[in-house]
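Inside the fold
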Amino acid sequence: MSRNILIVDDSTTTRAMVRRIITMCGAAPDNIYEAADGADGLAMLGQNHVDLVLADLHMPNMGGLEMTQRMQSNPAMKNIPVVIISADPNLGHLEQLKLLGVRGHLSKPFTPEGFRTLVGDLLGVQANA
Amino acid sequence: MLKIHNDHLEASLSDALNVMAFISPMPPEDMAPPTGPALRTRIDFEGVTTGSLELVCPLAFGAMLAANLLGTEPEASDNNASGDALRELLNVTCGTMLRNSGATQRGAIEMGVPTQESFDISNWNTFIESDAVVVDADGCKLAIRMIDGI
Amino acid sequence: MNITVNVSDVRVSANSEDVIVTYALGSCIGVCLFDPLAGVAGMLHYQLPTSTMDAARAIERPAMFADTGMALLLQQMESLGALKQRLHVKLAGGAAMLGDSGSFNIGKRNHTAIRKILWQHGMFIKSEDVGGNAPRTIYLTVADGVLTIKSGGIAKAA
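Keep in mind that this is a model prediction, so the values were computed, not measured.

What follows covers the nonpolar core. Ranked by internal contacts, the top residues of the largest apolar core, which has 124 residues, are B:L65, B:C94, B:L142, C:V31, C:Y46 and C:L73. Top element by residues in this core is helix α3 (residues 79-100) of chain B. It accounts for 9 residues. Not counting the four nearest positions on each side in its chain, C:L73 is found in contact with C:V10, C:V31, C:L33, C:G42 and C:L44.

The following block contains the structure:
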């Protein structure tokens, strides 16, 4: 079960949507942190205990791919599960993300049900309650 | 360079509106410009195909879009939320179009971060005459066009 | 016993021997709710996506529209002891019937409308069988919330 979740997306609306779906799932985590880009996300990861990262790919400053690469090279962060939620259409990026060990990829646009199916077990809720 | 057809653009906008914002776009009753302040949102992409998408719509649509995305009422949306929701809509439309047109199966395409500026509605006709797709989204008129890059 | 939900109609039951049924859903959508703890089930059969299309009609027949119909269904479910946060939601219908396809596809618009309402209520769709172009008859068993969908001579559970 993920007690502390970090949402990394430059869209405030998407961060709010993801927050809402997490609540709808009945997950009730202790903390939901938010970051607007990869650099901000890494800083949050350095300051807080995080059990699950939900990250976009296209963001200003630092995207989700580079953030995940940097997490992999940091022993304190490399085992934190990462799920990518992105509109990125590139098959090559998905291959790279697989190699980096990301736990899942949700394509935007996504439905609340699609989110729960993919992320439910990481949140500790049933994928189809 | 790979040419993406407008049908893919229209289908991708429709898909994004439907799935993320619960809006079923319809053909517009007429092509007259919408009223009120308007925004132009733009996203660039570069790779096996290069170009930009531009979306023009009334600011009021942004408020409705933000409310739909968040499950609230449009009155609760401020200008920041409206702008952000429109940028996300265009980002998702662009990604869907590049994927569904098969473009990304031919090679990599990097999408940029969407930008936004106010749009002088007196330029509406010029905008839509440049091969734009116009739809009615729950009573608001949206125009979207693709600009081929070099 | 079988309880029939007519077009633009809502029915609920807390009797475990009942089966709630609606016939020939075309572009209409059947919304099925089930509270496993309270043992309450209900069904709405609506025709159109939004009451803003005809406000006067919506007062007269709220179950004709997705928004007013869903409000009525929830209200009747809650009056039998169901709790919104416990409800399982299943959908069926929304087909593109002959002569009603393309941009005006009312079945698709009906589906989009109920998805929006459920999102506003913070409710997930547990299962759905929507779209296509064949009518559906659906049976909701009050005892366990199982939804059986019959279409084109084939029955399946959802």
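To continue, consider the sheet that holds strand β6 (residues 88-93) of chain C. Residue and element names in this part refer to chain C. Taken in spatial order, the 5 strands of this open sheet run β2-β5-β4-β6-β7, and their pairing is mixed. Of all strands in the sheet, those with a lone pairing partner are β2 (9-13) and β7 (127-130), marking the two edges. Direction aside, the axes of adjacent strands within the sheet are offset by 10 degrees on average. In terms of strand pairing, β2 meets strand β5 (residues 40-46) through 5 bridges, oriented antiparallel. Within β5, the residue paired with R11 across the bridge is M43. In this fold helix α2 (residues 66-79) packs onto β2, β4 (29-35) and β5, with an angle of close to 165 degrees to the strand it touches most, β5.

Further remarks concern unusual backbone geometry. A cis amide bond links A:K108 to the next residue, A:P109, at an omega of 0 degrees. Not every positive phi belongs to a glycine, and B:F22 is a case in point at roughly 55 degrees. Mapping B:F22 onto the fold places it in the loop between α1 (6-21) and β1 (38-47). B:F22 sits in the buried class, given 21 other C-beta atoms within 10 Å. The backbone of B:D131 sits at a positive phi, close to 60 degrees, despite the residue not being glycine. Considering the arrangement of structural elements, one finds B:D131 in the loop between α4 (124-129) and β5 (133-137). Note on B:D131: 10 C-beta atoms within 10 Å, which makes it exposed.

To continue, consider α3(B). Between its terminal C-alpha atoms α3(B) stretches 31 Å, which fits the 32 Å expected from 22 residues at 1.5 Å a residue. Most of α3(B) is tucked away, with 19 of its 22 residues classed as buried.

With that settled, consider the interface of chain B and chain A. Put simply, an interface is often sized by how much accessible area is lost when its parts join up. At the interface, 26 residues of chain B touch 19 residues of chain A. Those elements giving two or more residues to the side of chain B that touches chain A turn out to be α1, α2 (59-70), α3 and β3 (109-111) of chain B. With 12 residues, the top contributor of residues to the side of chain B that touches chain A is α3(B). Broken down by class, the residue content of the side of chain B that touches chain A amounts to 15 nonpolar, 6 polar and 5 charged.

Take the sheet that holds strand β8 (residues 136-141) of chain C next. All names here are of chain C. If you walk across this open sheet you meet the 5 strands as β1-β3-β8-β9-β10, and the pairing is mixed. At either end of the open sheet lies a strand with only one pairing partner, and these are β1 (2-4) and β10 (154-157). The average undirected angle you get between the axes of adjacent strands in this sheet is 25 degrees. Looking at chain direction, strand β3 (residues 19-25) and β8 are connected through 5 bridges and run antiparallel. Along β8, the bridge assignment pairs L25 with R136.

Each side of the interface is counted separately: chain C has 5 residues, and chain A has 5 residues. Per-class residue counts for the side of chain C that touches chain A are 3 nonpolar, 1 polar and 1 charged.

About the cut-offs
Residues numbered from 1 in each chain as written. Chains lettered and ligands numbered in written order. Predicted model: local features only at pLDDT ≥ 70, side-chain atom pairs only at ≥ 80, totals over all residues. Core = buried A, V, L, I, M, F, W, Y, C linked by C-beta atoms within 7 Å. Buried ≥ 20, exposed ≤ 12 C-beta atoms within 10 Å, placed from the backbone. Helix = DSSP H or I, 4+ residues; strand = E, 2+ residues; numbered from the N terminus. Contact = placed C-beta atoms within 7 Å. Pairing = 2+ DSSP bridges. Axes fitted to C-alpha atoms, helices over the stretch in contact; angles between N-to-C directions. Expected span 1.5 Å × (residues − 1). Nonpolar A, V, L, I, M, F, W, Y, C, P; charged D, E, K, R; others polar.

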